[in-house]
Amino acid sequence: MKEFISVLGGLSEKNFAPYGIFQISWIVLTAICAIFAFKLCYKKHVRRYHLSCGIAMLITTFYRIFILSFKSGNFVFDLKNLPVTVFDILAFTILLSGIFTKGKLHVILSSFNASFGFFIGVFVLLFPSVTESQFIGIAVQEKLNALLTTLIGVINLKCYSKTFKVFDFLMSASIFIGIFAIIETGEILFSLFSINFPCFFSHYFSPSFMVFSHLSNAFPHPVASFILALLFAELSAGVYYTAYRLSTKKKRY
């Protein structure tokens, strides 16, 4: 099993250099795909985009869980492998927005994918990989999901930006903060029993992100996570409002 996992996951001792050929290639590929998506996507095809990308992201997420759970050759259950990071929630929101194609839920999920989803996808692409694994497949999974998330964000920004509303963004922000609160509370409760549970922003407090690791050192973990959540919300709101302004030429809502 260990040899099978090593082959399936592409186990390698090679470390990808920050902003090396691996990361630059994904950034360029995403930019090209985003241009084609913006030019060729039509609102009547939005459902198939959401379903295909959501299913692909979910499959790759389970691939990551499988590789990390069997990397020693035997099944080892580790809460760190579960899809509870800030980035993994996009696989579910994109898939759900493809399943529920009508009603307020679709509008709110589309708003979430256009603002938070687009920003998080771009963030993961632009920053060096922080995958704590020597499996090439895990690094590819991270960048592939970032590419798909960014594409869905571009499609939603094009198709829905003229009808963006403050209420819809506030509801999508409530989804983001709500999931954040649940996961961070879970981490606090698990820590009481000395169980290592991944925090919502666990990847971004690693030494690879010097600014965010300093933030974690300067404040208690719940406070540092909340500050980072607010930063993500503010920047996502900027994406949302900019798209609305460019599509309607209006100065305000």
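Everything here concerns the structure above.
Here the structure is a predicted model, which means the values were calculated and not measured.

Criteria and cut-off values
- Residues numbered from 1 in each chain as written.
- Predicted model: local features only at pLDDT ≥ 70, side-chain atom pairs only at ≥ 80, totals over all residues.
- Heavy atoms only, no water.
- Salt bridge = Lys/Arg side-chain N within 4 Å of Asp/Glu carboxyl O.
- Helix = DSSP H or I, 4+ residues; strand = E, 2+ residues; numbered from the N terminus.
- Buried < 20%, exposed > 50% of the residue type's maximum accessible area, 1.4 Å probe, protein only.
- Core = buried A, V, L, I, M, F, W, Y, C linked by side-chain atoms within 4.5 Å.
- Contact = heavy atoms within 4.5 Å.
- Phe/Tyr/Trp six-rings, centres within 6.5 Å; stacked < 30°, edge-to-face > 60°.
- Lys NZ or Arg CZ within 6 Å of the ring centre and 35° of its normal.
- Axes fitted to C-alpha atoms, helices over the stretch in contact; angles between N-to-C directions.
- Left-handed = near helix turned anticlockwise from the far one by under 90°.
- Nonpolar A, V, L, I, M, F, W, Y, C, P; charged D, E, K, R; others polar.
- Polar contact = N/O pair within 3.5 Å; in protein donor to acceptor, adjacent residues only side chain to side chain.
- Patch = residues over 30% accessible without salt bridge, like charges linked within 9 Å, V, L, I, M, F, W, Y side chains within 5 Å.
- Areas by Shrake-Rupley, 256 points an atom, 1.4 Å probe, with all protein chains shown as cover.

### Here's the deal with the pattern of salt bridges
Then step 1. Throughout the structure, instances matching the rule amount to two salt bridges.
Then step 2. Its salt-bridge partner being Arg 64, residue Asp 88 comes within 3.1 Å of it at the nearest N-O pair. Taken together, the residues span a long stretch of sequence, with Asp 88 in the loop between helix H3 (46–69) and helix H4 (89–99) and Arg 64 in helix H3 at a distance of 24 residues.
Then step 3. We classify Asp 88 as buried; its relative accessible area is 2%.
Then step 4. Assessed through its relative accessible area of 11%, Arg 64 is described here as buried.
Then step 5. For Asp 168, the salt bridge is made with Lys 104, and the minimal N-O distance between the two is 2.8 Å. Pair noted here: Asp 168 is in helix H7 (residues 166–191) and Lys 104 is in helix H5 (residues 104–126), with a separation of 64 residues, a long-range link.
Then step 6. Classification of Lys 104 as partly exposed rests on a relative accessible area of 41%.

### Comments concerning the nonpolar core
Nonpolar side chains in soluble globular proteins tend to end up buried together.
Then step 1. With 58 residues, the main nonpolar core has Ile 120, Phe 164, Phe 176, Phe 200, Phe 201, Tyr 204 and Phe 232 as its most contacted residues.
Then step 2. Only helix H2 (21–40), H3, H4, H5, helix H6 (136–160), H7, helix H8 (210–218) and helix H9 (221–248) provide two or more residues apiece to this core.
Then step 3. Top element by residues in this core is H6. It accounts for 11 residues.
Then step 4. Among residues more than four places away in sequence, those in contact with Phe 176 are Val 86, Phe 112, Phe 116, Ile 120, Phe 200, Phe 201, Ala 229 and Phe 232.
Then step 5. The next biggest cluster of nonpolar side chains, apart from the first, holds six residues, and it includes Ile 5, Leu 68, Phe 70 and Phe 135.

### Digging into the packing of aromatic side chains
Then step 1. Summed over the entire model, instances satisfying the criterion amount to 13 aromatic pairs.
Then step 2. Note on Phe 22 and Trp 26: the rings are 6.4 Å apart at their centroids and 70° apart in plane angle, and the pair reads as edge-to-face. One end of the pair is Phe 22 and the other is Trp 26, both in helix H2 and four residues apart, which spans about a single turn.
Then step 3. Its relative accessible area of 15% is what places Phe 22 among the buried residues.
Then step 4. Using a relative accessible area of 13% as the deciding quantity, one classes Trp 26 as buried.
Then step 5. An aromatic cluster is built from Phe 112, Phe 116, Phe 164, Phe 169, Phe 176 and Tyr 240, whose rings are joined through pairwise contacts.
Then step 6. The ring of Phe 38 carries Lys 158 above its face, with NZ or CZ at 5.2 Å from the centroid.

### Remarks on the side chain of Thr 150
Then step 1. Within the element layout of this structure, Thr 150 appears in helix H6.
Then step 2. Excluding residues that lie within four positions of it along the chain, Thr 150 makes contacts with Thr 30, Phe 118, Gly 121, Val 122 and Leu 125.

### Digging into the environment of Met 171
Then step 1. Looking at the element boundaries, Met 171 is found in helix H7.
Then step 2. A relative accessible area of 31% means that Met 171 is categorised as partly exposed.
Then step 3. On a C-alpha basis, the gap between Met 171 and Val 107 in space is 9.9 Å, while along the polypeptide they are 64 residues apart.

### Some thoughts on the packing of H4 against H5
Then step 1. The N-to-C vectors of H4 and H5 enclose an angle of 145°; their axes lie 9 Å apart at closest approach. Regarding H4 and H5, the two cross each other, and that crossing is left-handed. Listed contacts from H5 to Ile 89, Leu 90, Thr 93, Ile 94, Leu 96 and Ser 97 of H4 are His 106, Leu 109, Phe 112, Asn 113, Gly 117 and Ile 120.
Then step 2. In terms of residue class, the contact of H4 with H5 is made up of seven nonpolar, five polar and no charged.

### Quick notes on the side chain of Ser 97
Then step 1. Take Ser 97: it is sitting in helix H4.
Then step 2. A distance of 3.4 Å separates the side chain of Ser 97 from the side chain of His 50, its partner in a polar contact.
Then step 3. The contacts of Ser 97, once residues within four sequence positions are left out, are His 50, His 106, Leu 109 and Asn 113.

### Considerations on the environment of Phe 92
Then step 1. Tracing the sequence through the fold places Phe 92 in helix H4.
Then step 2. On a C-alpha basis, the gap between Phe 92 and Met 57 in space is 8.6 Å, while along the polypeptide they are 35 residues apart.

### Quick look at a nonpolar patch on the surface
Then step 1. Taken together, the side chains of Tyr 19, Ile 24, Val 28, Ile 32, Phe 36 and Leu 40 define a hydrophobic patch exposed on the protein surface, amounting to about 570 Å² of accessible area.
Then step 2. Looking at the element boundaries, Phe 36 is found in helix H2.

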